[in-house]
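# Observations on the model geometry
Chain by chain, the residues run as shown.
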Amino acid sequence: MAVRMSTLCYIEKDGKYLMLHRTVKKNDVNKDKWIGVGGHFEYQESPEECLLREVWEETGYHLTSYRYRGLVTFVYGQDVVEYMSLYTADGFEGEPHECDEGILEWVDKKEVLHLNLWEGDKIFFRLLDEEENFFSLKLVYNREDVLSYAALNGTPMELFDVLNPDGSKTGIVRERGVAHRDGSPHATVHTWIVRENTSGGVDLLLQKRSAEKDSNPGCYDISSAGHVAAGDEYLPAAVRELEEELGIQAKPEQLHFAGYHQGGFQGNFHGKPFHDYEISSVYIYQEPVQIEQLCLQKSEVEEVRWMDLQECRKRIADGSLPNCIYPDELELIEKFMDNCG
């Protein structure tokens with residue numbers, strides 16, 4: 001196994017990063033990717049010594065102000081592990097020269113994520129943008145260059161399959177926070193718990209989202225909903241979410257497919273931008289449910305309540321119910337229940 005140590009630096013100026021388009025070396029693991037400047041340690045070098053040497057060699061700049069932002073553990077396949085010290089720099093002097101690794105270009109920070117980047121690099125760009133304190137980020141890739149695992153400060157991060165508009169998988173795996181920054185289409189499951197009421201209508205079990213949720217905190221929502229993890233499928237994810245959020249141990253055959261729904265929105269929550277684009281598999285669960293017997297996942301669900309479907313539609317329309325429910329999804333439920341009747 002090859003164990004390497006390196007530095008990577010993103011030099012900042014006027015809202016831009018100095019990016020290196022790696023176009024020269026034929027057998028470069030970063031071939032055609034855009035990265036920062038840096039390289040591997042020489043014998044007995046400290047991270048800072050490596051940083052200063054590599055930046056000068058690749059750019060001609062001498063750094064005068066820089067910050068150590070994080071340690072990135074990069075695992076590639078079964079035989080490459082690299083510990084990369086990540087820096088940003090906002091002070092430099094000297095005259096630039098050509099780089100023998102590729103083409104140097106100043107890129108607006110808002111445009112960086114549109115470049116050909118490693119998926120893991122998009123994670124630390126997000127962390128840098130959010131001014132995350134010094135962090136440890138682990139990134140694992142398979143031999144097809146697909147991100148297979150990520151962990152921030154020892155805690156696994158959620159990874160999604162990025163989807164095409166028709167719901168098929170693109171082959172790209174993206175971290176949750178990055179997917180919600182750029183509105184990447186991804187899979188979710190929506191399970192509606194329903195019951196017939198004494199008025200001849202249908203009640204819906206609504207959950208109130210926790211105040212800590214990264215989107216629509218404190219809003220009423222679907223009975224149970226969640227993301228489909230990379231490599232997972234809709235139905236197993238729906239069964240899992242029901243148990244995690246509400247403590248309901250459902251059998252797959254008890255979840256009845258009502259249709260697919262596409263929805264999205266943009267907003268700002270907890271001071272961070274949020275752009276959602278979901279392709280959801282919608283299920284109906286009609287088994288008896290007693291609210292007082294549910295085990296709510298407090299980090300996700302604040303409370304639950306029954307509400308007549310027509311009242312729910314009315315209150316969504318007049319704005320009296322704080323919610324993040326798609327009205328056209330309620331039409332799926334009505335159509336399903338009518339067909340059942």
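Our structure is the block above this text.
Read on for an overview of the structure. If you're wondering where the values come from, they're calculated on a predicted model, not measured in any experiment.

Another aspect to go through is the overall build of the chain. If you tally the helices and strands in the chain, you get 6 helices and 19 strands. Projected onto the principal axes, the alpha-carbon positions of the chain cover approximately 80 × 40 × 35 Å. Here the chain holds 341 residues, and 51% of them are scored as buried. Pairs at least 24 residues apart make up 65% of the contacts formed inside the chain by residues separated by at least 6 positions. A total accessible area of about 16,900 Å² is found for the chain, and carbon and sulfur atoms account for 48% of it. With 34 positive and 62 negative side-chain charges, the chain shows a separation of 1 Å between the mean positions of the two kinds.

This part covers the packing of aromatic side chains. Considering all chains together, one arrives at 20 aromatic pairs under this definition. Seen in terms of ring centroids, Phe74 and Tyr76 are 6.5 Å apart; in terms of plane orientation they differ by 5 degrees. Their pairing is stacked. For the ring pair Phe265 and Phe269, a centre distance of 6.4 Å and an interplane angle of 85 degrees mean the geometry is edge-to-face. Among the aromatic residues, ring-to-ring pairing joins Tyr10, Tyr17, Phe124 and Phe125 into one connected group. Arg195 extends its terminal NZ or CZ atom over the ring of Trp306, reaching a point 4.0 Å from the ring centre.

Before going further, it helps to spend a moment on the pattern of salt bridges. Applying the stated criterion across every chain yields a total of 31 salt bridges. Glu302 is paired through a salt bridge with Lys208; the nearest N and O atoms lie 3.5 Å apart. Placement of the pair is Glu302 in strand 19 (residues 301-308) and Lys208 in strand 14 (residues 202-209), with a sequence separation of 94 residues. Close ionic contact of Glu241 with Arg240 constitutes a salt bridge, the shortest N to O distance being 3.9 Å. Assessed through its relative accessible area of 10%, Glu241 is described here as buried. With relative accessibility at 27%, the residue Arg240 sits in the partly exposed group. Residues participating in the shared-partner salt-bridge network are Arg126, Asp129, Glu130, Glu175, Arg181 and Lys272.

The next subject is the side chain of Arg176. Topologically, Arg176 is positioned in helix 3 (residues 176-182). Dropping the residues within four chain positions of it, Arg176 is found in contact with Glu158, Phe160, Lys213, Asp214 and His227.

Thresholds, definitions, all that
Chains are numbered independently. Their residues run from 1 in the order of the written sequence. Only residues with pLDDT of at least 70 are given local features in this predicted model, and only at 80 or more are side-chain atom pairs given and counted; all residues enter the totals for whole chains, interfaces and linings. Remark: hydrogens and water are excluded; side-chain values derive from all non-hydrogen atoms of the structure. By the criteria applied, helices consist of DSSP H or I runs no shorter than four residues and strands consist of E runs no shorter than two, each listed in order from the N terminus. Using a 1.4 Å probe on the protein chains alone, a residue whose accessible area is under 20% of its type maximum counts as buried, one over 50% counts as exposed, and one in between counts as partly exposed. By definition, residues are in contact when any of their heavy atoms lie within 4.5 Å. Each accessible area is a Shrake-Rupley result for a 1.4 Å probe, and residues are judged covered by the shown protein chains and nothing else. We treat Lys and Arg as the positive residues and Asp and Glu as the negative residues; His and chain ends play no part in the count. All charge positions are set by atom: Lys at NZ, Arg at CZ, Asp at CG, Glu at CD. Whether two aromatic rings pair depends on their centres lying within 6.5 Å, for rings of Phe, Tyr and Trp, where Trp uses its six-membered ring; planes under 30 degrees apart make the pair stacked, over 60 edge-to-face, and the rest tilted. In this scheme, Lys NZ or Arg CZ marks a charge over a ring once it lies within 6 Å of the ring centre and within 35 degrees of the ring normal. The term salt bridge refers to a side-chain nitrogen of Lys or Arg lying within 4 Å of a carboxyl oxygen of Asp or Glu.

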